[in-house]
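Spelled out from the first residue to the last, the chains are:
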Amino acid sequence: MSGDGCLPQRHSHSASSASPLACPKTKTCSYRGAVGLGNKYVRINVGGSLFYTTLQVLTRQSCMLRAMFSGKKEVFTDKDGWILIDRSGKHFNSVLCFLRDGTAALPKGRQAVQEVLAEAKFYEVQGLVELCQSSLQGNNELPMCVIPLVTSSQEEEKLIQCSTKPVVKLVYNRSNNKYSYTSNSDDHLLKNIELFDRLSLSFNGRVLFIKDVIGDEICCWSFYGQARKLADVCCTSIVYATEKKQTKVEFPEARIYEETLNTLLYETMAPPNNLLLEATRRIYSCNGSLIEEEEEGGGGAGGAKQRERVRRIHVKRYSTYEERPLGH
């Protein structure tokens, strides 16, 4: 352990007796004669956080700590000899680092730097004050990503048509329900919103994410590529409880991830080849849970254009055996 080291700890009654790093005892009733102690360790309790450092560090720069430990100010100690400072110890280590080295690594985030600035002003460490102020002036934080919130169908259509990137849209509107929700529905709705936020951070710059809170669905994902809808994942269904109907919201995480990755196939504006289009549009079923809605398109013999298809996926289409149509 170096002579200038500091060790923040959480305060406990056994810190001075059981800890193998206990420092030599010092007279803490008065620090009038402490100037001659040189590199002797002192023990400081800052708001419950314990620090070991030397008088040489504490008195190196002209600040409040030098006045405290040179006998110019009265200090308070507890029964175990720890010098008490009634202040949060969260950023006291940054103050010590600046006193020791003349610089300090500031934490990330504007709020955290402002907290360090407040501590630097309290301890009157002018150099650290200037460092924090300089960091705050040059720290113009930009949002990690921007999510458009559509307010009309025209606005939504314009965003999708003008986007050069694939589009993922989440419609969530809890008030669209005319029945009561099942017990897990609110939790699943929040999970869908949280997944949307995670995906928007992961694929920021590659995919345009849109939120829609005025749509007709309660919770539904839509996926677009080159201004065309590729798939829908509907997360709601009607279940039959005792003498009443209820709305159930599901969280099909795997299916949402799969469809999001499928949209990346349309990341460039160059037209994909026919094999790629066929692979991402073909009809398939999965235990009756996958419902396809085929758009009517132009047809004809020979070189007729392939009809556009949109996969509409319901997580659980039928809730009870009686609700299934004949033949299922």
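None of these values were measured; they are calculated from a predicted model. (Residues numbered from 1 in each chain as written. Predicted model: local features only at pLDDT ≥ 70, side-chain atom pairs only at ≥ 80, totals over all residues. Heavy atoms only, no water.)

Colleague: Explain the packing of aromatic side chains residue by residue, including any values.
Modeller: Taken as a whole and assessed by the stated rule, the structure comprises 7 aromatic pairs. Taking 5.0 Å as the distance between ring centres and 65° as the angle between the ring planes, the aromatic pair formed by Phe 51 and Phe 92 counts as edge-to-face. A residue pair is termed long-range when its members are at least 10 positions apart, and Phe 51 in strand 3 (residues 49–54) and Phe 92 in helix 3 (residues 92–101) qualify at 41 residues. Residue classification places Phe 92 among the buried positions, given a relative accessible area of 1%. (Phe/Tyr/Trp six-rings, centres within 6.5 Å; stacked < 30°, edge-to-face > 60°. Helix = DSSP H or I, 4+ residues; strand = E, 2+ residues; numbered from the N terminus. Buried < 20%, exposed > 50% of the residue type's maximum accessible area, 1.4 Å probe, protein only.)

Colleague: Describe the environment of Gln 61, with residues and values.
Modeller: Tracing the chain through its elements places Gln 61 in the loop between helix 1 (55–58) and helix 2 (64–69). Classification of Gln 61 by relative accessible area gives partly exposed; the value is 23%. As a C-alpha pair, Gln 61 and Gly 127 span 66 residues in sequence and 9.4 Å in three-dimensional space. Within the structure, the side chain of Gln 61 is placed 3.4 Å from the backbone oxygen of Phe 98, a separation counted as a polar contact. (Polar contact = N/O pair within 3.5 Å; in protein donor to acceptor, adjacent residues only side chain to side chain.)

Colleague: Please set out the nonpolar core residue by residue, giving values where relevant.
Modeller: Judged by nonpolar contacts, the single largest core of 31 residues is most densely connected at Ile 44, Leu 65, Phe 69, Phe 92, Tyr 123, Val 125 and Leu 128. Mapped by element, the contributors of at least two residues to this core are strand 2 (41–46), helix 1, helix 2, strand 5 (83–85), helix 3, helix 4 (110–123) and helix 5 (126–138). Leu 65 has contacts with Leu 58, Ile 85, Phe 92, Val 95, Leu 99 and Tyr 123, leaving out every residue within four places of it along the chain. Counting residues in hydrophobic clusters, the runner-up holds 22 residues, among them Leu 170, Tyr 172, Ile 218 and Phe 223. (Core = buried A, V, L, I, M, F, W, Y, C linked by side-chain atoms within 4.5 Å. Contact = heavy atoms within 4.5 Å.)

Colleague: Would you mind going over the sheet that holds strand 12 (residues 236–241) in detail, with residue names and values included?
Modeller: For sheets, the rule is that strands pair by backbone hydrogen bonds, running either parallel or antiparallel. Judged by pairing direction, the sheet is mixed, and its 3 strands sit side by side in the order 8-13-12 without closing on themselves. Because the sheet does not close on itself, it has two edges, and the strands there are strand 8 (180–181) and strand 12. Two strands pair when backbone bridges link them, and strand 8 and strand 13 (residues 244–249) are joined in this way by 2 bridges, in the parallel orientation. Opposite Tyr 181, over in strand 13, you have Thr 247 as the bridge partner. In the packing of helix 7 (residues 185–202) onto the sheet, contacts are made with strand 8 and strand 13, and the angle to strand 13 comes to roughly 25°. (Pairing = 2+ DSSP bridges. Axes fitted to C-alpha atoms, helices over the stretch in contact; angles between N-to-C directions.)

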